[in-house]
Amino acid sequence: MNVGILGTGSLARALGRVWVDAGHAVLVTGRDPEHVTEAAREIGGHGADPAGFGSRVDVVVIAVAWAGLAEALALIGADRGTLAGKAVLDCTNPVDYATGELLGSAAELVARTATGASVVKALHLFAGASWPRTGPAEQAPVVAICGDDPEALDRASALIGDLGGRAGVVGGLGAARQLEEAAGFVMRVVGSGHNPRFAVPDVDPALLRPAG
Ligand SMILES: NC(=O)c1ccc[n+]([C@@H]2O[C@H](COP(=O)([O-])OP(=O)(O)OC[C@H]3O[C@@H](n4cnc5c(N)ncnc54)[C@H](OP(=O)(O)O)[C@@H]3O)[C@@H](O)[C@H]2O)c1
């Protein structure tokens, strides 16, 4: 796949490296050309000017700070339809890191702004350093994702699989705000001094539907 990453920071670099190792071509862009060059070098991919970025990739992964999200989308012309027809994975945490309070919905902002794009909320909950994950498939982390377009969900699931995770489709894009709240919940549990891994119930496997 030709994977485009909008963002040059820690998450962009962590995901990009693993996807290059998995055989994808990764194109990275951002607002600062020096950061783009550094990130592309570290990832083993290529840097791109924001103009024309969307037309060069099959899927776009958004890895920018919530405060800069609208500006970053404008930078690549998302509001002018440059991502139309593309799967767009939004990894943004629109959360106050200190308190866990949700500040808005990043996926809703992306869907409103990026005309014609198929938005998937994905990969916001796990630290970039979680990847790649190796080990038995049944112990792979479940990455809850949501979106309205089956093809975009398939692309997201494939990329998550390449990280060593398992995608769990929990609903349409209407579920995005709840997935974003989940990140705030995790931050609150961490803030209480506990490991969020132990903060959700262990459900009897007999109660589970077969994974789709
Ligand atoms: N790090 C993780 O493990 C992790 C995991 C899951 C989700 N996330 C989410 O992923 C996003 C990125 O996190 P990160 O840890 O990679 O952050 P980071 O290292 O601080 O990088 C932030 C990125 O956002 C860009 N940015 C900030 N303001 C911008 C603006 N106004 N216009 C354009 N670009 C702007 C920065 O560009 P400059 O380099 O030019 O400043 C940089 O590329 C956040 O929403 C975060 O919640 C992170």
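Calculation rules
- Residues numbered from 1 in each chain as written.
- Predicted model: local features only at pLDDT ≥ 70, side-chain atom pairs only at ≥ 80, totals over all residues.
- Heavy atoms only, no water.
- Helix = DSSP H or I, 4+ residues; strand = E, 2+ residues; numbered from the N terminus.
- Rg over C-alpha atoms; globule rule 2.2 N^0.38 Å.
- Buried < 20%, exposed > 50% of the residue type's maximum accessible area, 1.4 Å probe, protein only.
- Lys, Arg positive; Asp, Glu negative; His and termini not counted.
- Charge placed at Lys NZ, Arg CZ, Asp CG, Glu CD.
- Salt bridge = Lys/Arg side-chain N within 4 Å of Asp/Glu carboxyl O.
- Pairing = 2+ DSSP bridges.
- Contact = heavy atoms within 4.5 Å.
- Axes fitted to C-alpha atoms, helices over the stretch in contact; angles between N-to-C directions.
- Parallel < 35°, antiparallel > 145°, perpendicular 65-115°, else oblique.
- Nonpolar A, V, L, I, M, F, W, Y, C, P; charged D, E, K, R; others polar.

- As annotated in an unreviewed UniProt entry, the protein chain carries the name NAD(P)-binding domain-containing protein and is attributed to Actinoplanes oblitus.

1. Thoughts on the overall build of the protein chain
Now for step 1: Per the secondary structure count, the protein chain includes 6 helices and 8 strands.
Now for step 2: From first element to last, N terminus to C terminus, the protein chain shows the α and β order β-α-β-α-β-β-α-β-α-β-β-α-β-α.
Now for step 3: For the protein chain, the C-alpha radius of gyration of 17 Å lies close to 17 Å, the compact-globule estimate for 212 residues.
Now for step 4: Projecting the C-alpha coordinates of the protein chain onto the three principal axes gives extents of approximately 50 × 35 × 30 Å.
Now for step 5: For the protein chain, with 212 residues in total, the buried portion stands at 46%.
Now for step 6: One finds the centroid of the 16 positive side-chain charges in the protein chain at a distance of 1 Å from the centroid of its 23 negative side-chain charges.

2. A look at the pattern of salt bridges
Now for step 1: Tallied over the full model, the rule gives 6 salt bridges.
Now for step 2: The salt bridge involving Asp90 is made with Lys121; its shortest N-O contact spans 2.7 Å. Of this pair, Asp90 sits in strand S5 (residues 87–90) while Lys121 is found in strand S6 (residues 118–121), placing the two residues 31 residues apart along the sequence.
Now for step 3: Among the salt bridges present, the one from Glu108 reaches Arg177, with a minimum N-O distance of 3.1 Å. Placement of Glu108 in helix H4 (residues 106–113) and of Arg177 in helix H6 (residues 176–191) is noted, with a sequence separation of 69 residues between them.
Now for step 4: One salt-bridge network, held together by shared partners, links Arg13, Arg17, Glu38 and Glu42.

3. Some details on the sheet that holds strand S2 (residues 25–29)
Now for step 1: An order of S3-S2-S1-S4-S5-S6-S7-S8 is seen for the 8 strands of this open sheet, with the pairing classed as mixed. The outermost strands of the open sheet, each flanked by one partner alone, are strand S3 (46–47) and strand S8 (166–171).
Now for step 2: Taken together, the 4 bridges between strand S1 (residues 2–6) and strand S4 (residues 59–62) define a ladder with parallel strand orientation. Within S4, the residue paired with Leu6 across the bridge is Ile62.
Now for step 3: Contacting S2 and S3, helix H2 (residues 33–43) crosses the sheet at an angle of about 160° to S2.

4. Remarks on the packing of helix H1 (residues 10–21) against helix H5 (residues 150–163)
Now for step 1: As a packed pair, H1 and H5 sit with axes 9 Å apart at the nearest point and diverge in direction by 85°. The pairing of H1 with H5 is recorded here as roughly perpendicular in orientation. Contact residues: Leu15, Val18 and Trp19 in H1; Leu159, Asp162 and Leu163 in H5.
Now for step 2: A class-by-class count of the residues in the contact of H1 with H5 yields 5 nonpolar, no polar and 1 charged.

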